[in-house]
Amino acid sequence: MNKVIYILEDDESIREIITYTLTSSGFTVFSFSTSKEMYEKINQKIPNIILLDIMLSSSETGIDIIKRLKTNLSTKFIPVIFLTAKSTEIDKAYGLDIGADDYITKPFGVLELVARVKAVLRRYEKNETGIHYKDIFINLESKQLFKSNEEISLTFKEFELFMYLYENIGVVISRDSLLDKIWGMDFFGERRTVDVHIRALRQKLSDSAENPIYIKTIRGYGYMLVKE
């Protein structure tokens, strides 16, 4: 799955150069000139990393934005790289101290930028404690699911069911396979058990069988988690 990068930079020429460079390197890139635009996109899809200018022309600075991101449950684990003309050691130390994963000063070389983005992503792949899917964040350590920053209380079986569908995203899983995988071969229940739990999941996620955002029904066979 392609890594998704969000760029918040109010200088159009810099934004275009970064977007072109990262897109050419195989990333899926969305760029924004205002924090409002970026927040709206985050509510639709959580990125793998954010490149954030500190000195924005809007009322909200990069410092304000990263503080906001790090206090929200569904965005606190997104790695952030600051892009800034502020190059003193104190500025860098402060940026890293408040949660930035790297600090790149302008002007910078595009090859260096790509290398440092990849380096941060590699660190997160090794230390990842959660996964992002659409507007959902799943904390793998605590086994909690958050939708648009709000925790959705799931039973253990509901959580297992969602995770199994996520692990096979885009693949249709039969009711029999779900019954065997989640409830085990020694379970003597009916296929309807799967349907009941899928219905409960949909209700909690505000999903719909008719217009599925997350879980799609394959009539007469089983279910599939919709690809992003």
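Residues numbered from 1 in each chain as written. Predicted model: local features only at pLDDT ≥ 70, side-chain atom pairs only at ≥ 80, totals over all residues. Heavy atoms only, no water.

Asker: So what exactly am I meant to see when it comes to the environment of E158 here?
Answerer: Relative to the helices and strands, E158 is located in helix α6 (residues 156-167). Relative accessible area serves as the criterion here: at 5%, E158 is assigned to the buried category. Each C-alpha atom of the pair E158 and I198 lies 7.8 Å from the other, and the pair is 40 residues apart in sequence. Engagement of the side chain of E158 in a polar contact is seen with the backbone nitrogen of T155, the distance being 2.9 Å. (Helix = DSSP H or I, 4+ residues; strand = E, 2+ residues; numbered from the N terminus. Buried < 20%, exposed > 50% of the residue type's maximum accessible area, 1.4 Å probe, protein only. Polar contact = N/O pair within 3.5 Å; in protein donor to acceptor, adjacent residues only side chain to side chain.)

Asker: Quick question: what am I supposed to make of the pattern of salt bridges here?
Answerer: For side chains of opposite charge, pairing can occur when their charged atoms come near one another. A full pass over the atoms with the stated rule returns ten salt bridges. Residue K36 is joined to E40 by a salt bridge in which the shortest nitrogen-to-oxygen separation is 2.6 Å. On the criterion of helical spacing, the pair formed by K36 and E40 is a turn pair, its members being four residues apart in helix α2 (residues 35-42). Since its relative accessible area comes to 56%, K36 is described here as exposed. Using a relative accessible area of 41% as the deciding quantity, one classes E40 as partly exposed. Here K106 and D53 are joined by a salt bridge, their closest N and O atoms 3.3 Å apart. (Salt bridge = Lys/Arg side-chain N within 4 Å of Asp/Glu carboxyl O.)

Asker: Before we go on, may I ask you to explain the packing of α2 against helix α3 (residues 62-71) in this structure?
Answerer: Any two packed helices are characterised by how steeply their axes cross, that is the angle between the axes, and by the distance between the axes. Packing of α2 against α3 leaves a shortest axis separation of 12 Å and a crossing angle of 20 degrees. When the axis of α2 is compared with that of α3, the two are roughly parallel. Relative to α3, α2 is oriented so that their crossing is right-handed. Along the contact surface, α2 presents S35, M38, Y39 and I42, while α3 presents I65, R68 and L69. Split into classes, the residues belonging to the contact of α2 with α3 amount to five nonpolar, one polar and one charged. (Axes fitted to C-alpha atoms, helices over the stretch in contact; angles between N-to-C directions. Parallel < 35°, antiparallel > 145°, perpendicular 65-115°, else oblique. Left-handed = near helix turned anticlockwise from the far one by under 90°. Contact = heavy atoms within 4.5 Å. Nonpolar A, V, L, I, M, F, W, Y, C, P; charged D, E, K, R; others polar.)

Asker: What is the right way to look at the confidence of the model for the protein chain in this model?
Answerer: Close inspection of predicted coordinates is inappropriate for parts of the model with low pLDDT. Per-residue confidence for the protein chain averages 87 on the pLDDT scale, and 95% of its residues sit at or above 70. The weakest mean pLDDT in the protein chain belongs to helix α4 (residues 89-97) at 80; the strongest belongs to strand β2 (residues 28-32) at 96. (pLDDT = per-residue confidence, 0-100.)

Asker: Got a minute to help me understand the sheet that holds strand β1 (residues 4-8) in this structure?
Answerer: Hydrogen bonds between backbone atoms are what pair the strands of a sheet, whose relative direction is either parallel or antiparallel. Pairing in this open sheet of five strands is parallel, and the strands run β2-β1-β3-β4-β5 from one edge to the other. Both edges of this open sheet fall to β2 and β5 (102-105), since each of them pairs with a single strand only. Shown here is a sheet whose adjacent strand axes are inclined to one another by a mean of 20 degrees, direction ignored. Pairing of β1 with β2, which is carried by five bridges, proceeds in the parallel orientation. Residue pairing for β2: L8 is matched across the bridge by F32. Relative to the sheet, helix α1 (residues 12-24) contacts β1, β2, β3 (49-53) and β4 (80-84), its axis offset from that of β2 by approximately 170 degrees. Each of β1, β2 and β3 touches α2; the most contacted strand, β1, lies at about 160 degrees to it. (Pairing = 2+ DSSP bridges.)

Asker: For this particular structure, what's the right way to read the environment of L205?
Answerer: Position of L205 among the secondary structure elements: in helix α8 (residues 192-205). The spatial distance from the C-alpha of L205 to the C-alpha of N2 is 25 Å, given a sequence separation of 203 residues. Setting aside anything within four residues of it in sequence, one finds L205 in contact with I136, L145, K147, F162 and Y214.

Asker: Mind showing me how you'd approach unusual backbone geometry here?
Answerer: Excluding glycine, most residues fall at negative phi; most peptide bonds, likewise, are trans. Here K106 and P107 are connected by a cis peptide whose omega angle stands at -5 degrees. Here P107 lies in the loop between β5 and α5 (110-127). One non-glycine residue, K134, adopts positive backbone phi at about 55 degrees. Mapped onto the secondary structure, K134 falls in the loop between β6 (130-133) and β7 (136-139). In this structure, S206 is a non-glycine residue whose phi angle is positive, near 55 degrees.

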